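Structural characterization, general
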Amino acid sequence: MPSVPKAPQWDVHRLPHADGKSFLVTGGNAGIGYFVAEQLAGTGATVVLGSRDTAKAEAAIASISSRVPGAKAKHLPLDLADLASLGASVAALELDRLDAVVYNAGVALDHPPRRETKDGHELMFATNHLGHFALTHWLAPLLTATPGSRIVTTGSFAAKSERLDLDDLQSTHDYQPKRAYARSKLAQMLFALELDRRLRAAGSTTLSVVVHPGGALDSLTPSRPPVHVRTTGERLRYLPLGLLVQGKDAAAWPAVRAVLDPSVRGGQMWSPRAFGLRGTPRIEPIWNHLADTTTAAHLWAASCNLSGNDLTFTPHDQVR
Ligand SMILES: NC(=O)c1ccc[n+]([C@@H]2O[C@H](COP(=O)([O-])OP(=O)(O)OC[C@H]3O[C@@H](n4cnc5c(N)ncnc54)[C@H](OP(=O)(O)O)[C@@H]3O)[C@@H](O)[C@H]2O)c1
């Protein structure tokens, strides 16, 4: 297993100031993404919640504002399952810099039937991977024009034991929802690492970093009404599970660190310290199958075809 550099100390409760910076969090209206947005808002930065549901985004912004005095949080309408809408979403961002984007939004289906987006793509692969791939195409000019900007992609521990089927990326045969989910997260992680290689080759200062949040349960997550409400009974009932996994507030820590910590480098993976499932963030060695550059290159080409976006980086940060 390759050795990883020792990371400097980091206090998840005392984050550096980031006044003047702008961060976008996809799916910032709920779950882990909400806590990423709340924690980033505490740094003084402008935080944009990319969300398909205006009411949920407004509730999340109200909750953030009630906890972070003077929070600069706003909503960007964003539906990752609707590829044709993403260009217009990014055009509505109205930012002159974007210091980081956290690709957090995700769908995990537990039961058949296999579902498709209106573009005819399998829903989890389309939302989790293709949507973020296409979003990168639209965000790239803004990101690469912001020195040292970061693209933080949320993978999953579930991808560790999974492999892609390049001949059936969209699970048209033998659809198994849990496997399709894990493969969509694996695709995201392979993409993020390939993205970093391509950014480096183009001489860009933009970094691509992979994170995974470990295991995160709503029942271990503190209330943020009306975004999330946990009853006392629920809290007590699930307390023992906290030995193994964590709340979504703590699951946000790897992404927040990947956005803010100056010691973070492109191509790294950050995850919870205790068995990759819970705890404070640490650098995790890249899993062997994530270093498979041939598979990553095939996936990239297929993603260009399927999304209709030719994501290309050329030297001097030129992006087409
Ligand atoms: N929880 C875990 O244990 C765990 C473990 C490993 C990895 N992860 C990953 O961590 C991320 C967050 O997970 P979570 O547990 O916080 O999930 P969650 O509570 O279900 O939240 C998912 C978020 O994604 C948004 N979303 C779904 N489809 C979307 C679309 N088409 N366009 C825009 N946004 C969309 C949801 O918005 P709506 O509110 O509109 O549905 C919601 O904000 C996901 O990428 C997940 O794969 C989670």
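Check the entry above for the structure.
Computed from a predicted structure; not experimentally measured.

What counts and how
Residues numbered from 1 in each chain as written. Predicted model: local features only at pLDDT ≥ 70, side-chain atom pairs only at ≥ 80, totals over all residues. Heavy atoms only, no water. Phe/Tyr/Trp six-rings, centres within 6.5 Å; stacked < 30°, edge-to-face > 60°. Helix = DSSP H or I, 4+ residues; strand = E, 2+ residues; numbered from the N terminus. Buried < 20%, exposed > 50% of the residue type's maximum accessible area, 1.4 Å probe, protein only. Axes fitted to C-alpha atoms, helices over the stretch in contact; angles between N-to-C directions. Parallel < 35°, antiparallel > 145°, perpendicular 65-115°, else oblique. Left-handed = near helix turned anticlockwise from the far one by under 90°. Contact = heavy atoms within 4.5 Å. Nonpolar A, V, L, I, M, F, W, Y, C, P; charged D, E, K, R; others polar. Core = buried A, V, L, I, M, F, W, Y, C linked by side-chain atoms within 4.5 Å. Near = heavy atom within 4 Å. Polar contact = N/O pair within 3.5 Å; in protein donor to acceptor, adjacent residues only side chain to side chain. Areas by Shrake-Rupley, 256 points an atom, 1.4 Å probe, with all protein chains shown as cover. Pairing = 2+ DSSP bridges.

On to the packing of aromatic side chains, then. Following the criterion strictly, the structure yields four aromatic pairs and no others. With 5.3 Å between their ring centres and 80° between their planes, Phe133 and Trp300 make a pair best called edge-to-face. Of the two residues, Phe133 is situated in helix H4 (residues 123-144) and Trp300 in helix H9 (residues 293-307); the sequence distance between them amounts to 167 residues. Pair check on accessibility: Phe133 and Trp300 agree, each one buried.

Once that is clear, we can look at the packing of H4 against helix H5 (residues 177-201). Interhelical geometry of H4 versus H5 gives an angle of 20° and a closest axis separation of 8 Å. Accordingly, the angle class assigned to the pair H4 and H5 is roughly parallel. Seen from above, H4 lies across H5 with right-handed handedness. Along the contact surface, H4 presents Met124, Phe125, Asn128, His129, His132, Phe133, Thr136 and Thr144, while H5 presents Pro177, Ala180, Tyr181, Ser184, Lys185, Ala187, Gln188, Phe191, Leu195 and Leu199.

Between helix H1 (residues 31-41) and helix H2 (residues 54-67), the least distance of the axes is 10 Å, while the angle of their chain directions is 35°. As for how H1 packs across H2, the hand of that crossing is right-handed. From H1, Tyr34, Ala37, Glu38 and Ala41 reach across to H2, where they touch Ala60, Ser63, Ile64 and Arg67. Here the contact of H1 with H2 is composed, by residue class, of five nonpolar, one polar and two charged.

Residues Phe23, Val36, Leu40, Val259 and Leu260 are the most contacted members of the largest nonpolar core, which totals 38 residues. Elements represented by at least two residues in this core include exactly strand E1 (22-26), H1, strand E2 (46-51), H2, strand E4 (100-103), strand E6 (207-211), helix H7 (248-251) and helix H8 (253-260). Of all the elements, H1 adds the most residues to this core, at seven residues. With residues near it in sequence (within four places) discarded, Val36 still touches Val25, Val102, Ala252, Ala255 and Val256. Ranked by size, the runner-up nonpolar core spans 30 residues in total, among them Leu76, Leu78, Phe133 and Ala202.

Moving on: the site of the ligand. Around the ligand, the surrounding shell holds 26 residues, and the nearest of these are Ile32, Arg52, Asn104, Tyr181 and Ala216. Ile32 is positioned with one of its backbone polar atoms (N or O) 2.7 Å from an oxygen atom of the ligand. Residue Ala81 places a main-chain N or O atom 3.5 Å away from a nitrogen atom belonging to the ligand. Protein contacts shield 84% of the accessible area of the ligand, which totals 900 Å² for the unbound molecule. For the shell around the ligand, the elements supplying multiple residues, two or more each, are H1 and H5. In terms of residue class, the shell around the ligand is made up of 10 nonpolar, 11 polar and five charged.

Pairing geometry for strand E7 (residues 269-274) and strand E8 (residues 278-283), over four bridges, is antiparallel. Across the sheet, Pro272 pairs through a bridge with Pro281, a residue of E8. Adjacent in sequence and paired antiparallel, E7 and E8 are bridged by three residues, among which Phe275 carries a positive phi angle near 60°.

Before going further, it helps to spend a moment on unusual backbone geometry. The residue after Pro112, namely Pro113, is reached through a cis peptide bond having omega 10°. Along the chain, Pro113 falls in the loop between E4 and H4. Of note, the bond from Pro225 into Pro226 is cis; its omega dihedral lies within 30 degrees of zero at 0°. Position of Pro226 among the secondary structure elements: in the loop between E6 and helix H6 (232-238). Of note, the phi angle at Glu94 is positive, near 50°, even though the residue is not glycine. Given the relative accessible area of 71%, Glu94 is considered exposed. A positive phi angle is found at Phe275, which is not glycine, with a value near 60°.

Moving on to the environment of Leu15. Mapped onto the secondary structure, Leu15 falls in the segment before E1. Between the alpha carbons of Leu15 and Gln39 there is a distance of 8.3 Å; along the sequence they are 24 residues apart. What Leu15 contacts, discounting residues up to four positions off in sequence, is Trp10, Gln39, Thr43, Val256 and Leu260.

So, on to the sheet that holds strand E3 (residues 72-77). In a beta sheet, neighbouring strands pair by backbone hydrogen bonds and run either parallel or antiparallel. One open sheet accounts for eight strands, arranged E3-E2-E1-E4-E5-E6-E7-E8; its pairing is mixed. Only two strands of the sheet have a single neighbouring strand rather than two, namely E3 and E8. This sheet shows a mean twist of 25° between the axes of neighbouring strands, independent of strand direction. Bridge count between E1 and E4: three bridges; the pairing is parallel. Bridge pairing in E4 links Phe23 to Ala100. Most of the contacts of H4 go to E4, to which it runs at about 175°, and overall it touches E1, E4 and strand E5 (150-154).

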